[in-house]
Every structure is written in structure tokens, then in C-alpha cells.
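Single-letter residue listing:
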Amino acid sequence: MSNSSNSQNVIRGVRHQGQTVVLELGGEIDMKSFVILKAKFKELYREKPAILIVDMTSVEFMDSSGLATLVGALKWCRLNGSELKLVGLAQRVRSIFEICRLDTAFQIYDSEAEALSQ
Amino acid sequence: MSKIDVRKSESLRNSQIELRILANPNYLCVVRTAVRQTAGIFGFQEDKAESITLAVVEALTNIIRHSYSGSCDKPIIVGLNKICYGEENRSAIEIVIRDFGKQIDAETIKSRDLDELRSGGVGVHIIHSVMDEVEFSHANGCGMQLRLVKIVV
């Protein structure tokens, strides 16, 4: 597991596929780094994507700061007619959704391909 | 005071492992690594060690945000112990977290209603969900103490 908690490592990339935006995350999302994620979401909202996929395959840890940021993104998407899909959650990351009973509030998929096909 | 002091030594509470850090979010990763590794050494499987780590991080985040109002230069002490817990003397991890901020009524530290979809305020819920015992109390002099226990399954 990476020992780095460099905030810059949280955003690994952004890809566009038509009306779909894929945001790739990684590293550790905590009270130090969630502000980076929040700012990135605000940038992406301006594009008004039909589908916003958050690829969390490389996320090693996330606490409630990160979860709150994703909840904020989910609420924005619902208000603006976009779909938010989460992809590639390791169990150690998925567990915080389950503990907070948010695993059914989000659309969660094992892969990007699966998310795009639904 | 050194910024980070990780050692096995006698402390005020004779913790087997004690971390003394400043309340700087940059240092949370150090605590995560230490708690994760210690939980593994104490017999927890990876998924349980991760959950325990999450609970500790939530507690520290609450201290930084609420007890210290975001100040990064105040101390937090995290003690980690392997204990025998309960009547059956089951192996468990005890984590004691001590801050030096304001003292509040422990009864007011509660989980919020999760039925409402909103961001924030779930740290206490996470702590209670993960750990087998959660006890908030006033520390000697100033600040709060949080005692967490989880039994090795």
C-alpha cells in the first residue's frame, strides 16, 4: 500500500467519452485531500456531463470527508439530471458506504464497462 | 515537544504503543499506518484492521475539526494496547485517544439520523458501528478522552 498521502495524488486523471466524464481517483481521501476532490467536482459540474463516472479502483483509503464529498456530488447530479456512478470500490472503501447505509444510495459497479452498459 | 514521537514506552497510561502528534491533517497517514499495523499484530484480519483504522481516523478528524477548531499545533495522544476484555478475557485492542481541547458533555456526542441524505456528521456513527466499546470522558485537567475497544474475532 502506498505510504504517500500527497493531496495531488488523489486526482489521477479525467477522461471524456461523449457526454460521459470519467474521473479517476487514487491514494487516500481524508480531511486533508477531500478539498482537492471537491474542487475537481466543481470544475466538472461546469461541463454538465450526462454521466459522471468516478473510478475509485486506485483509492486505498477513504473516510467520511471523502464520503461527504461524494454525497455532495450525488446531490448535484440528482438536481441537475446527471447520473453519478462509482466504479472499482475495494471492500475497505466500500465498507464506509455500508456502515453509513449509503451503498444503496449510490450506483456502484465493479468496472467502467459495467457502469457504461447499465 | 517533538512533532511525532512513536515509541514503545511507559506513558501516563502505560500504553504499549503511544503516538503523540500535533493535530495536523498531514500526520493522519502516520496514525493510519501505525493503527493498521498494530491491529494486524494484535490479531485482526485485514478488513477489521481497516475498519479500526477508519474509526480512529474519524475520531482524530473530529478532534481537529471540533475540539481544536482546525488548529494544527495542538497535541493528540493515541495509545494502543492489547488487552484481555470482558468476563471471558477475550483478546482485544484498546485505543485511547486524548486531546487537550475544550471539555464537553459526553452525552452530547451522538450519531445523527442516517435516513437523511446529507454530507457530513457521520464520524460518531462510524466509530460506534466499528468498535465494540466506545467511551467518551473528560480527561484530567483539560480535554477529552475517547476509549475504544474491539474484540479480536
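Residues numbered from 1 in each chain as written. Chains lettered and ligands numbered in written order. Predicted model: local features only at pLDDT ≥ 70, side-chain atom pairs only at ≥ 80, totals over all residues.

Caption draft 1: Fine view of the overall build of chain B. Looking only at helices and strands, chain B features 3 helices and 6 strands. Element order for chain B, N to C, with α for helix and β for strand: β-β-α-α-β-β-α-β-β. In chain B, once contacts between residues fewer than 6 apart in sequence are set aside, the share between residues at least 24 apart is 58%. (Helix = DSSP H or I, 4+ residues; strand = E, 2+ residues; numbered from the N terminus. Contact = placed C-beta atoms within 7 Å.)

Caption draft 2: Looking closely at the overall build of chain A. Each helix and strand counted, chain A has 4 helices and 5 strands in total. Along chain A, helices and strands appear, N-terminal first, in the series β-β-α-β-α-β-α-β-α. Taken against the 2.2 N^0.38 rule, which gives 13 Å for 118 residues, the C-alpha radius of gyration of chain A at 13 Å falls within 12% of a compact globule. Along the longest, intermediate and shortest principal axes, the C-alpha atoms of chain A span 35 × 25 × 25 Å. In chain A, buried positions account for 42% of the 118 residues. For chain A, contacts bridging at least 24 residues in sequence account for 70% of all contacts bridging at least 6. (Rg over C-alpha atoms; globule rule 2.2 N^0.38 Å. Buried ≥ 20, exposed ≤ 12 C-beta atoms within 10 Å, placed from the backbone.)

Caption draft 3: Focus on the nonpolar core. Within the largest apolar cluster, 72 residues are counted, with the highest numbers of intra-cluster contacts made by A:Val54, B:Val31, B:Ile52, B:Ala55, B:Val56, B:Leu60 and B:Val78. Broken down by element, the residue count for this core peaks at 10 residues, all from helix H2 (residues 46-67) of chain B. (Core = buried A, V, L, I, M, F, W, Y, C linked by C-beta atoms within 7 Å.)

Caption draft 4: Broad picture of the sheet that holds strand S3 (residues 51-62) of chain A. Residue and element names in this part refer to chain A. An order of S1-S2-S3-S4-S5 is seen for the 5 strands of this open sheet, with the pairing classed as mixed. Two strands in the sheet have a free side with no partner beyond their single neighbour: strand S1 (11-17) and strand S5 (107-109). Shown here is a sheet whose adjacent strand axes are inclined to one another by a mean of 20 degrees, direction ignored. Pairing of S1 with strand S2 (residues 20-29), which is carried by 6 bridges, proceeds in the antiparallel orientation. Bridge pairing links His16 to Val21 in S2. (Pairing = 2+ DSSP bridges. Axes fitted to C-alpha atoms, helices over the stretch in contact; angles between N-to-C directions.)

Caption draft 5: Fine view of H2(B). All names here are of chain B. With 22 residues, H2 extends 30 Å from end C-alpha to end C-alpha; this agrees with the ideal 32 Å at 1.5 Å per step. A large share of H2 lies buried, amounting to 16 of its 22 residues. Looking one or two residues past H2, Ser69 carries a phi angle of roughly 50 degrees, positive in sign. (Expected span 1.5 Å × (residues − 1).)

Caption draft 6: The arrangement of the interface of chain B and chain A in detail. Taken together, the contacts link 24 residues of chain B with 21 residues of chain A. Mapped onto the side of chain B that touches chain A, the elements with two or more residues apiece are helix H1 (28-41), H2 and helix H3 (123-130) of chain B. Per-element tally for the side of chain B that touches chain A: the top contributor is H2(B), with 8 residues. Classifying every residue of the side of chain B that touches chain A by side-chain character gives 10 nonpolar, 9 polar and 5 charged. (Nonpolar A, V, L, I, M, F, W, Y, C, P; charged D, E, K, R; others polar.)

Caption draft 7: How the structure looks around H1(B). Residue and element names in this part refer to chain B. Compared with the 20 Å implied by 1.5 Å per residue over 14 residues, the 20 Å span of H1 between its first and last C-alpha is a close match. Buried within H1 we find Leu28, Cys29, Val31, Arg32, Ala34, Val35, Arg36, Thr38 and Ala39. Gly43 occupies a position one or two residues after H1 and carries a positive phi of about 110 degrees.

Caption draft 8: The packing of H1(B) against H2(B), seen in detail. Residues and elements named next belong to chain B. Contact pair H1 / H2: the axes reach a minimum separation of 9 Å and the direction vectors enclose 145 degrees. The interaxial crossing formed by H1 with H2 has right-handed handedness. Packed against H1, whose contacting residues are Leu28, Val31, Arg32, Val35, Arg36, Ala39 and Gly40, the element H2 presents Lys48, Ala49, Glu50, Ile52, Thr53, Val56, Val57 and Leu60 at the interface. Class assignment of the residues belonging to the contact of H1 with H2 gives a composition of 9 nonpolar, 2 polar and 4 charged. (Left-handed = near helix turned anticlockwise from the far one by under 90°.)

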